Amino acid sequence: MMVEDYSRRDIVIMTTDYQTALDYIFNYVDYERRRAVPYDEEAWDLDRTRRALRMLGNPQQQFKVVHVAGSKGKGSSAANIESVLRASGLRTGFYTSPHLHTFRERIRIDGNLLEPAQMVNLLDQCRPVIEAIPGITTFEIITVLAFLHFARQGVEWAVLEVGLGGRLDSTNVVTPAVSVITPISHEHSALLGDTLAAIAFEKAGIIKKGVPVVCAPQDPEVLLVFQQVAAQQDSSLVLVGLDWRWRSITDDLGGQSFSVFGPHPAEPGAEPVTIRSLYTPLLGRHQLINATVAVATCWELMQQGVEISEPALREGLSTVYWPGRLEVLDPPGDAGPAVVVDSAHNEASTALLFHALGRYLPGRPLVVLFGASGDKDAAAMLERFAPHTSKLVLTRSRHPRAADPEQLAAAARAYLAAESIFVTCDVAEGLNCALQVASPASTVCATGSLFVVADSREAWLARYPGAFPPWDWAYQAEPPDPDWQVSQSPASRVQ
C-alpha cells in the first residue's frame with residue numbers, strides 16, 4: 001500500500017500562537033488527565049504512532065536512541081544520561097513527561113526548552129497527519145512532534161523517557177542502542193497490574209531483540225521477569241548492584257561524591273572498571289543508583305563506539321539539572337524552617353524521601369504539605385510518613401486528576417490526630433499554612449506528586465522573586481489548567 005509522505009509538504013494551515021497549539025493538542029484524548037482508562041491494545045495502539053511517523057518520513061530513524069522505563073528514578077537516570085552525552089559534544093534530544101512548569105520541558109535539544117515558535121511550526125506541519133489518524137491521543141501526538149523536531153534539528157542521540165508502562169507506550173516504536181529499566185514498584189495498578197511481576201512484564205516491553213538492557217536493582221520477582229524476557233530477546237542484561245556497584249564517599253546538602261566499580265574487561269589480565277570521586281548535585285542515596293545506571297548505560301554505548309571520555313562523564317553527572325527531586329528551596333537557618341520539595345508519588349518513593357530527610361535534616365520536626373493524584377494510593381503514602389510528621393497540611397494541585405484534600409484528610413485521620421491536620425484549597429495557600437504552623441527548627445516538605453512540587457516551586461518564586469537560577473523552568477511557568485475547578489475556601493483545621 002502506498003503511504004503518502006507529508007514530511008516535506010507545504011502546510012497552509014497556520015496555528016495562531018503557542019497557547020492555541022497547546023489547546024489543540026490537549027483537546028485530543030489525554031490519558032494523563034483521565035482517571036479511568038482501559039489498558040489494552042485498542043486504547044494504546046502503537047500502530048497509530050507508527051502510521052503518523054511513516055507519513056512524516058519516519059523521523060525516528062534519523063537519530064540514535066536510549067530508551068528509559070521504570071517506576072522510580074527513570075527521569076533522573078534519563079537526565080543523567082542526556083547530560084553525559086551532551087557533555088561529550090553530541091547533539092542531544094531529551095523527551096520526558098509529565099512536565100514540571102512548562103510543556104516545553106518535554107521536548108529539549110542540547111538542554112534547551114522547545115521554543116514556542118518551534119511548537120507552532122511543528123504542529124502546523126503535523127496537523128494533516130494528526131487529523132488523518134482516527135483515535136490518535138495527546139501523548140501520541142506529542143511523541144510524534146518530538147521525533148520530528150529531533151530529526152529536523154539534527155539530533156544525534158535522543159534519550160526517551162517512557163510515559164507509562166513500556167510495552168504499549170507510544171515511545172516504544174523505536175529500536176534503541178540501549179534499553180534502561182530503573183527500579184520497579186507498585187504504580188498505576190489499575191492499568192499495569194496489581195503485582196510487581198505484572199508491572200515488570202509491561203516495563204520489559206521495551207526490551208528489543210539483541211539490544212543490551214541496563215537494569216537497576218530490583219525485587220527478585222521483578223528481576224526474574226527481566227531475565228526471562230532478555231533471554232527470549234537474546235539481549236544481554238547488565239545488572240546495577242551486581243555488574244556495576246557504587247560506594248558513597250561524602251553526602252550533604254551540597255551534593256554527593258561517590259565511586260563506581262564496573263565489570264572486568266574482556267581482555268585477560270585487565271583491571272576492572274573503576275571510576276573514583278564522581279559527583280552529583282542530586283540528593284538521596286537512591287540518586288547514586290540512578291547515577292550508576294547512567295554510568296553503566298554510557299559504558300554500553302562506549303562499547304558500541306560512542307566517544308564518551310571520563311572527563312565528559314564527570315562533567316555530565318556533576319552538572320545535571322533535575323529540579324523538584326529532593327530539592328532544598330531554603331536550607332535550615334535561624335530565620336525560618338528548612339523547605340524541601342520532592343516528587344515522591346507512591347509508597348516506595350515516599351519511604352526513600354523520609355529516609356533521606358532523616359539523613360540530611362535529622363532531629364527536626366516535620367511539617368508535610370501533601371497532595372496526590374486521584375489514582376494513587378494516597379492512604380499508603382500517608383501511613384508511611386505519619387510517624388515522621390508533626391503537622392500535616394493537605395492540598396490539591398492544579399492538575400485535573402488531583403485528589404480532593406477533604407478525602408485525603410479522612411484517610412489521614414487514621415494515622416494522625418485531628419489537631420495536627422489542616423486542609424487548604426490550593427498549593428500556594430497550603431505552603432503559607434505550612435510555613436505558619438512550622439517552627440524555625442522545623443522542616444517543611446512539599447510532596448505527593450510532581451504537580452504539587454511544581455505549584456510549590458511557583459508559589460516559592462512568587463514569595464521570593466529570583467529564588468532560582470535564571471535558567472530555571474519556573475520562570476517559564478504556564479497558566480493553570482482551565483479544567484481545574486476547586487472552591488476557594490480558606491484553610492481549615494480538620495476536626
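For the structure itself, consult the block above.
About the cut-offs
- Residues numbered from 1 in each chain as written.
- Predicted model: local features only at pLDDT ≥ 70, side-chain atom pairs only at ≥ 80, totals over all residues.
- Heavy atoms only, no water.
- Buried < 20%, exposed > 50% of the residue type's maximum accessible area, 1.4 Å probe, protein only.
- Helix = DSSP H or I, 4+ residues; strand = E, 2+ residues; numbered from the N terminus.
- Pairing = 2+ DSSP bridges.
- Phe/Tyr/Trp six-rings, centres within 6.5 Å; stacked < 30°, edge-to-face > 60°.
- Core = buried A, V, L, I, M, F, W, Y, C linked by side-chain atoms within 4.5 Å.
- Contact = heavy atoms within 4.5 Å.
- Axes fitted to C-alpha atoms, helices over the stretch in contact; angles between N-to-C directions.
- Parallel < 35°, antiparallel > 145°, perpendicular 65-115°, else oblique.
- Left-handed = near helix turned anticlockwise from the far one by under 90°.
- Nonpolar A, V, L, I, M, F, W, Y, C, P; charged D, E, K, R; others polar.
- Expected span 1.5 Å × (residues − 1).
- Arc of directions from axis to C-beta.
- Polar contact = N/O pair within 3.5 Å; in protein donor to acceptor, adjacent residues only side chain to side chain.
- 1 Å grid on protein atoms, 1.4 Å probe; cavity = no way out; pocket = protein on both sides within 12 Å on 5 of 7 lines; lining within 4 Å.
- Points joined across faces, edges and corners; volume = space filled by probe spheres on them.
- Salt bridge = Lys/Arg side-chain N within 4 Å of Asp/Glu carboxyl O.

1. Details of the pairing of strand E5 (residues 157–161)
Where burial is concerned, most of E5 is hidden: five out of the five residues are buried. Residue alternation in E5 divides its side chains into two sets, Trp157, Val159 and Glu161 and Ala158 and Leu160, and both sets are buried. Note: strand E2 (residues 92–95) against E5, four bridges, orientation parallel. The residue of E5 that forms the bridge with Phe94 is Val159.

2. Description of the packing of aromatic side chains
Per the counting criterion, the structure on display carries 14 aromatic pairs. Plain terms: the ring middles of Trp244 and Trp299 are 5.9 Å apart, the flat faces sit at 65° to each other, and that makes the pair edge-to-face. One end of the pair, Trp244, is in the loop between strand E8 (237–239) and strand E9 (245–252); the other, Trp299, is in helix H9 (residues 285–303), and 55 residues separate them in sequence. Judged by its relative accessible area of 23%, Trp299 is partly exposed. Among the aromatic residues, those joined into a ring-pair cluster are Phe63, Tyr95, Phe139, Phe147 and Phe150.

3. Considerations on the nonpolar core
In this structure, Leu301 and Leu317 are the most contacted members of the largest nonpolar core, which totals 67 residues. A per-element tally of this core places H9 first, with nine residues. Setting aside anything within four residues of it in sequence, one finds Leu301 in contact with Val66, Leu85, Trp157, Ala177, Val178, Val306 and Ile308. Listed in part, the 42 residues of the second largest apolar core include Leu46, Leu114, Leu122 and Ile130.

4. Some points on the packing of helix H4 (residues 116–130) against helix H5 (residues 138–152)
Direction vectors running N to C along H4 and H5 enclose 120°, while the axes themselves pass 10 Å from each other. Classified by the angle between their axes, H4 and H5 sit oblique to one another. Crossing geometry of H4 relative to H5 is assigned as right-handed. Between H4, through Gln118, Met119, Leu122, Leu123, Gln125, Cys126 and Ile130, and H5, the contact on the second element is made entirely by Ile141, Leu145, Leu148, His149 and Arg152. Here the contact of H4 with H5 is composed, by residue class, of eight nonpolar, three polar and one charged.

5. Remarks on the environment of Asn121
Structurally, Asn121 is set in helix H4. Expressed as a C-alpha distance, the spacing of Asn121 and Ala21, which sit 100 residues apart in the sequence, is 9.4 Å.

6. Details of the sheet that holds strand E4 (residues 112–113)
Strands sit in the order E4-E3-E2-E5-E1-E6-E7-E8 across an open sheet of eight strands; the sheet is mixed. Every interior strand has two partners, whereas the edge strands, E4 and E8, have only one. Sitting on the sheet, helix H3 (residues 74–87) is in contact with strand E1 (64–69), E2, E5 and strand E6 (178–181), with an inclination near 170° to E2. Contacts from H9 reach E1, E5, E6, strand E7 (213–215) and E8, with the element oriented near 165° to E6.

7. Overview of helix H8 (residues 220–232)
The end-to-end C-alpha distance of H8, which contains 13 residues, comes to 18 Å, matching closely the 18 Å that a straight helix rising 1.5 Å per residue would cover. Here H8 has its buried residues at Val222, Val225, Phe226, Val229 and Ala230. One side of H8 carries all its buried residues, which in axial view fall inside an arc of 125°. Those residues of H8 that are exposed and angled more than 90 degrees off the buried face are Pro220, Ala231 and Gln232.

8. Let's talk about the side chain of Thr395
For Thr395, the location among the structural elements is in the loop between strand E15 (391–394) and helix H13 (405–412). A distance of 2.8 Å separates a polar atom in the side chain of Thr395 from the backbone oxygen of Asp426. Apart from residues no more than four positions distant in its own chain, Thr395 is found in contact with Leu369, Phe370, Gly371, Ala403, Pro405, Leu408, Thr424, Cys425, Asp426 and Val427.

9. Here we look at empty space enclosed by the protein
If you walk through the whole model with that rule in mind, you get one cavity of 30 Å³ or more. Considered as a void within the structure, the largest cavity measures approximately 40 Å³ in volume. Together, Leu329, Val339, Val340, Val341, Leu431, Val444, Ala446, Ser456 and Trp460 line the largest cavity. Within the residue set of the lining of the largest cavity, elements represented by two or more residues are strand E13 (338–341), strand E17 (443–447) and helix H15 (450–463). If one sorts the elements of the lining of the largest cavity by residue count, E13 sits on top with three residues.

10. Regarding the pattern of salt bridges
All chains considered together, the criterion is met by 14 salt bridges. Across the salt bridge formed by Arg127 and Glu131, the nearest N and O atoms sit 3.5 Å from each other. Assessed through its relative accessible area of 18%, Arg127 is described here as buried. Members of the salt-bridge network, linked through shared partners, are Asp251, Arg285 and Arg359.

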